[in-house]
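Read off the chains here:
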Amino acid sequence: MGNYHQYGISPQLVERVKTKMKNPAVKERIKKLVDGLTKSDLQDRAKVRRLVKSATSILNERLGSAQEEQIVQFVIDQKIDPKNTFHLIKLWGMFR
């Protein structure tokens, strides 16, 4: 799994998102957004872009199209399998 810095994703953005995710209402909305996602969903560029747009709306973050594209590419390149606990632990570790 790659490091998000390599994709040009700002550590400040990551810190803001981590802070906002501590709000139980926000966390619940994001959990509902990602509930039931599959590995193939997270390899589908159009679906990932919609997810990023929805998540940034919930988090009240504004992204430029280049930033959005960097995040979409990052998600796709991680080849995340939401059913694989090891994948989720590695991903979690990236953002701790």
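A short tour of the structure in this document, coming up. (Residues numbered from 1 in each chain as written. Predicted model: local features only at pLDDT ≥ 70, side-chain atom pairs only at ≥ 80, totals over all residues. Heavy atoms only, no water.)

Helix length check: helix α4 (residues 65-77) (13 residues) gives 18 Å between terminal C-alpha atoms against 18 Å at 1.5 Å per residue, within 8%. Along α4, the positions that sit buried rather than exposed are Glu68, Ile71, Val72, Phe74, Val75 and Ile76. On the buried face of α4, the contacting elements are α1 (11-20), α3 (45-58) and α5 (85-94). Lys79 occupies a position one or two residues after α4 and carries a positive phi of about 50 degrees. (Helix = DSSP H or I, 4+ residues; strand = E, 2+ residues; numbered from the N terminus. Expected span 1.5 Å × (residues − 1). Buried < 20%, exposed > 50% of the residue type's maximum accessible area, 1.4 Å probe, protein only. Contact = heavy atoms within 4.5 Å.)

All right, on to the side chain of Glu61 then. With respect to the secondary-structure elements, Glu61 resides in the loop between α3 and α4. Within the structure, the side chain of Glu61 is placed 2.8 Å from the side chain of Arg16, a separation counted as a polar contact. Setting aside residues no more than four positions away along its own chain, Glu61 makes contact with Leu13, Arg16, Lys20 and Thr56. (Polar contact = N/O pair within 3.5 Å; in protein donor to acceptor, adjacent residues only side chain to side chain.)

All we've got here are geometric facts, nothing functional implied.
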